[in-house]
Every structure is written in C-alpha cells, then in structure tokens.
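Structural description and commentary
Chain by chain, the residues run as shown.
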2 protein chains.
Amino acid sequence: MRPTVHDIAAVAGVSLATVDRVLNQRPGVRGVTRQRVEEAIREIGYVRDVAAANLAKGRLYPLVFILPASDNSFMHGLHAEVRQAIGRASSERTDIRIIEVPAFVPAALVAALDSLAVGATAGVALVAIDAPEVRSAVDRLVAAGVPVVTLVSDLTGTSRHHYAGVDNIAAGRTAARLLGRFLGGLEGDVLTLAGSMLVRDHRERLEGFSALMAEEFPRLSLLPVLEGRDDPETANRLISDALSNNGRIIGIYSLGAGNRGLIKALKERGAQRELTVVAHELTEHTRAALKDGVIDAVLNQDAGHEVRSAIRVLKAHADGLGLIAAQERIRLDIFLKDNLP
Amino acid sequence: MRPTVHDIAAVAGVSLATVDRVLNQRPGVRGVTRQRVEEAIREIGYVRDVAAANLAKGRLYPLVFILPASDNSFMHGLHAEVRQAIGRASSERTDIRIIEVPAFVPAALVAALDSLAVGATAGVALVAIDAPEVRSAVDRLVAAGVPVVTLVSDLTGTSRHHYAGVDNIAAGRTAARLLGRFLGGLEGDVLTLAGSMLVRDHRERLEGFSALMAEEFPRLSLLPVLEGRDDPETANRLISDALSNNGRIIGIYSLGAGNRGLIKALKERGAQRELTVVAHELTEHTRAALKDGVIDAVLNQDAGHEVRSAIRVLKAHADGLGLIAAQERIRLDIFLKDNLP
DNA sequence: CTGTTAGCGCATTCAC
DNA sequence: GTGAATGCGCTAACAG
C-alpha cells in the first residue's frame, strides 16, 4: 500500500495537522519540525493523492477562455469545443467561463484580461494577438499568480506558461513542400492568402512558407501576400481578382481562415485552371473541397485537443503538478482526401 | 452544489446503504424501494463522483498488455510507452502488467489470453494477430466479462470493445496518393515491402495502397509485395535484390517495420537511383532518413497516444463510463522533413 | 430487506 | 507551535 499522511505523521512523530502544514507550505511549524517531516516524506517516498486532496478541499478550477468572435468555421469549432468542455465541468471539477472579444482588436483583449479578478480564477487561456499592450497585460496576470496559456496563436517574449497550438513555422514549411512537390517541376506564380499579419500564427506560417519556397523551389515565385481578415467575403474578392489578373498562378496557399470564400472563387473558375491548393483548418467547407479535388491538402490543428490540453495544463499548473509532455504537443495534422476523420 | 448520495437518501426517504445498493446494482433491495431511489436520482440529477468512489473502494485497475517481442524500433517504442504508463500507475490507480509473446505466433497469443485469471484483471490490451484461434480466445475473454482493446492491429468480427490504432486502409491510400503525386507524371514500377500478410494492419495498408494506385495512378505498376517479417536484415536483403534486378523501380512503399534494413539498402545504392520512398512509423532511423532525404514521407501512429487511449478506454469500460470519442481517435500522422516533432 | 457506522486520504477548523 | 476532531462523497462491513 502506498504511504499516506498517517505514515508521515508516525515516522516524523507529529500529528496529521503538522504534516499537512508542511505539505501545503503553511506557516506555524518550527524549522526543526518541518525538517523532520520533510525527511520522513522523502524517506517513505510519499506522493500526495490529488483526488483525495481535491475531495477534501471541494476544489474547483475556475478557468477563463478568452476567444475572438470571428465568424469563421475554425473559431466556431473552437467555441464548440470549449462548450463541450463546459459540459464535462462537473466530472473534471472545472468551472469554465467564456469571454468573447472582437477579433484582431488588441484593446479588447487587454480589457478582458484586466477584467479578471485575480484570486477568483485558477487559469486563463486566450487566443493571443501579438501586440505590446497584450504582452504587458499577460505579464501582469502572470505576475499576479494566474497561470496563462496561449491558444492557437502564441505570444513569445512573455511569461505565459504554455502554448497550446501548432508550430506555425513548421506548418508553413510543410505547406511549401507539399505544394512544391505536388507541382512537380512546373514553373509559375504562387499566391498566399492570410487573415492578418497582426496575429503571430499567420506571420509565422508565411515566414516558414516563404523560406522553404526560396530554398527548395526556386522555379515557383511568390506573389505578395493577400490579407483577407479571415472573412469569407473578402477572401473571395481577393482571390477572384488575383486569378483574373494573373494567368501565371499555379498554386495557392491559404494560411488563414475564411476558406469558404476561397473555395467559392476556385469553383467559379472551375475547370478553366489547373491549380494546386493547400489550405489550413479542416472545416465542413475545406473537407468538401478536399473531397471534390478543389483543394489538394489541408493542414489542421485539432481544436478539441487544444482545448483539452489547455485545461489539463492550467489545472496542473494551478496545483504544481507535472504533465505528460507528449500528450500536450499539438500536432500539425495533414489531411489528404484519403485520411479524413 | 452538486447533489450527493445524501440528497438521494433524503429525497427517497431511505438510508445511504440502500442508495448505494441501488447505485451499484447490488441485490437486497425491494423492487419498490429501488424504483423510489432511481426516481430520486433522476429527479435531482445525481451524477456519481468517480474520484470519491474510487477513494472509498481503494479501487485499482489491474490491466494486462500483451505485446509481441519484435526486435524493431516501433515495438520497442510501444513497450517503452507501456512502461511509462506503469510509471504513472500510482496516480492513475492502474496496475499494469506486460506479457511478452513471440511475434506472429497465434498459439502464443492464445496461450497468453487464456492464462489471464478472469476477475483478477480489469482489462486487456493486445496487438492482435488475425487468426481464428485468436478470435475465439478474445471472444472467450469478453464473454467472461473482461474488457478487451486491440492495439495497433485490429481483429474484426470479434466482440473486442475497442480498437486503439489507425485506419490502415486509409493509411495505404494516403501513402499511394503521396507517392503518386510526388512522382509527378513519371512512369515506372513501385515496390511494396510488408512485414507479414498474417497481420491485419499490413494487409489493410497494402489493400488501400493497391486500390488507390490502380484508380488514380495507372502509369505506376505495382510489383508483388515483399514480406520482410519486420526484420531489418531480411528487409535489407529483399530490397537490395529487388533494386539490383529491376531498373524500372522509381518508388517504394514500406508498410511494415524493420525500416533500418530498407534505409541501409537505399543508402548503399546512393545517388545511383532517384527513388521516392514512403515508409511507416517514425523511429530514430526513419527520422534520420527523412532528414537526409532518403525517405520522402513517413506515416506514423503515435504509440504513446495508443497506449494512453487503451488505458482510458479499459478503465472507462471497467466502470461503465463514457468517453470523449475524438480524444480516442488515433490519427494517421504524416511527417515530412519539415514537421518532425 | 434496510439502516448504522466506520473508514478511504486529505484538509481544516478549533482547542491546547 | 502543535494536535484532536470533523467532514468531503462514497463504499462496505455489520447489525437489526
């Protein structure tokens, strides 16, 4: 049988209360006594039973998810995953609240972060915007002792504890290799469509894509990036115009959301053009386009995994526990029409 | 506050013991009383606190993993993941035992399955061999009330509760499309290397690969499958011979393990031949080969995920709980040299 | 058949 | 500073 607090108490020759004080680093124990208890703990190899502790404490984890109110399928999916997590709240001892903020507006994000009552929240997950004021707001929160996890888009150079999302530079490079190899030895122009260069994930994808393209596929030349604000309408217009004005385009990398608009534009061109297309995020739209052959590959991040991971990480951090690193790594999923889930 | 057994007892006007009997479907309760309790449960929306229940029971989950003693990196990795799970045993209330059996020997697997003391084991995970005697042994175990999960390779047509592994037909199709597209419009022969047609996963991969090749890449013709028994030496010899004897080979699909031998053969040929290669399972060998450009893509199943999933599923089944389906889906990972973990 | 009671491992009052 | 006692939600003897 695995040792308990009673065993510690017996070995150290103190009472349960004292053991507990030491375990939870609370004051009111003489240095010598503390030493004795800590030695006993090490000696018998005690490890705390978290489940029992949580039961006794009636512990709840009040978590906050700050999500952008973007009207695209990926963000809808992310919202849905958080709501599903809310549905599991009782069995996971979590109490999750969603704060919606306008997309791409740093001030709104800062306001949301600052609104959080420190002490009343055990952890925060946010889809970060890469702006200085957001950085400071995050740092303030962390300094106040609140665990913070970035979701989908990271915020480097801050003290956030963890990033639950894919490696976007690797994503860009992967997209470039797929596009380059799928195009064989062809020569022509490649179009890139982003949401906004304000968010780090999009910038990084573009960076990785451009770098590998330059290194390995010199016969393909990159057109200046288009910014569609992850909005289907805008994306549609931008792509349509570009295809009309440039007959040399043979490949497209859509690295943001709002692919509905892209797909519409591609379908309108129809069989006129043989294009190879790589897009991000598996949604009902990209899935259908993949099946139809309108899109050749979809790179994806599993929103459900990201949300579950963020929760695990925040909880673990809230009570100083360890994690299974491999379990928290968010993979870059590559979908062809053959391996759709 | 969420309702407890006390609330049920109060509403139903019975004692805790009776509530418990109903909750755990134990005898010794009159029909009417049972009804009354069940109604109270529904009325107040009670859900059992599993952690508290396990604490009170001192519950342990004695699980058994039956693994083949194959000498290849993938199986070594799988073993390692199970051992890591054993390291987490105390916090997960599991007691995991590994039974090693010779690879590809149905009788050994059957013996291992039959050796399991029913009642003393809360669940079994096994890398299945697709043979009739194995089927019956699994069915016997399930009939005796032991939850069974197949790992890596499935056993359809049995009553096993769950399969923790990838969709191997989809894997084969995906490999075919990658190879086909990477080869552009080239014409030539494609070689397939399997471990053994005895295991279902290899058969299915080949099936998916052949089907898609025939459908979409008629200019590539498939050579008869080679069986390397997942053994590096054998694989090396088979591949070397094939490459020497046939100059038309332009692509290779290695759908089993033992890739060390394949890679050695490829390196010996060196720059003499421009080959496009897709292999399975990310190991130190395939990873290095991917980086070197010897292999173009690696399809992988995350052994860690498979093991953790098998454990979650067995535990959930052992006490009749639900799962998060998406969390238990084992993805087909596609690795290019750019998105290696 | 049903109820009382004493834990599981830990945290937390409230005395001493 | 330290300890004894009580309870978290649930289960399992043991009585009745």
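Criteria and cut-off values
- Residues numbered from 1 in each chain as written.
- Chains lettered and ligands numbered in written order.
- Predicted model: local features only at pLDDT ≥ 70, side-chain atom pairs only at ≥ 80, totals over all residues.
- Heavy atoms only, no water.
- Near = heavy atom within 4 Å.
- Polar contact = N/O pair within 3.5 Å; in protein donor to acceptor, adjacent residues only side chain to side chain.
- Helix = DSSP H or I, 4+ residues; strand = E, 2+ residues; numbered from the N terminus.
- UniProt positions renumbered as here; feature names shortened; annotations may be inferred.
- Core = buried A, V, L, I, M, F, W, Y, C linked by side-chain atoms within 4.5 Å.
- Buried < 20%, exposed > 50% of the residue type's maximum accessible area, 1.4 Å probe, protein only.
- Contact = heavy atoms within 4.5 Å.
- Least-squares fit on C-alpha atoms with pLDDT ≥ 70 in both.

1. Here we look at the protein's contact with DNA strand D
Residues in close proximity to DNA strand D total 26 residues, the closest being Arg21 and Thr33 of chain A together with Val5, Arg26 and Tyr46 of chain B. Near the protein, meaning within 4 Å, the atoms of DNA strand D are sugar or phosphate in a fraction of 66%, with bases accounting for the rest. Note that a base oxygen of DNA strand D is positioned 2.5 Å from one of the side-chain N or O atoms of arginine 21 of chain A. With respect to DNA strand D, the backbone of valine 5 of chain B contributes an N or O atom lying 2.7 Å from a phosphate oxygen. For the surface near DNA strand D, the secondary-structure elements that each account for two or more residues are helix 2 (16–23) and helix 4 (50–57) of chain A together with helix 2 (16–23) and helix 4 (50–57) of chain B.

2. Quick word on the UniProt feature "domain: HTH lacI-type" (unreviewed entry) in chain A
UniProt's entry tags residues 3–57 of chain A with the feature "domain: HTH lacI-type" (unreviewed entry), counted in the numbering of this structure. Taken end to end, residues 3–57 of chain A is 69% helix and 0% strand, and its two terminal C-alpha atoms sit 20 Å from one another.

3. Re the side chain of threonine 158 of chain B
Relative to the elements of secondary structure, threonine 158 of chain B occurs in the loop between strand 4 (148–151) and strand 5 (162–164). One polar contact links the side chain of threonine 158 of chain B to the main-chain carbonyl oxygen of leucine 155 of chain B, over a distance of 2.9 Å.

4. Let's talk about the nonpolar core
Taken as a class, soluble globular proteins show a tendency for nonpolar side chains to be buried jointly. Leu178 of chain A together with Leu178 of chain B are the most contacted members of the largest nonpolar core, which has 48 residues in total. If near-sequence neighbours (up to four positions away) are discounted, leucine 178 of chain B is found in contact with Leu178, Phe182 and Leu336 of chain A together with Val278, Ala297, Leu299 and Ile334 of chain B.

5. Thoughts on the relation of the copies chain B and chain A
A rotation about some axis, followed by a shift along it, carries one copy of the chain onto the other. Superposition of chain B onto chain A requires a rotation of 180° combined with a translation of 0.0 Å along the rotation axis, giving an RMSD of 0.1 Å. Such a combination of rotation and displacement between the chain copies is what one expects of a two-fold axis. A shared interface surface links the copies, since 100% of the contact residues of chain B are contact residues in chain A too.

6. So, unusual backbone geometry
Residues and elements named next belong to chain A. We note that phenylalanine 104 has phi near 60°; this positive angle belongs to a residue other than glycine. Assignment of secondary structure puts phenylalanine 104 in the loop between strand 2 (94–101) and helix 7 (106–114). The exposure class assigned to phenylalanine 104 is buried, which follows from its relative accessible area of 13%. One non-glycine residue, aspartate 230, lies in positive phi territory at about 55°. Along the polypeptide, aspartate 230 turns up in the loop between strand 8 (226–227) and helix 11 (232–245). Among the residues examined, aspartate 230 registers a relative accessible area of 12% and is labelled buried.

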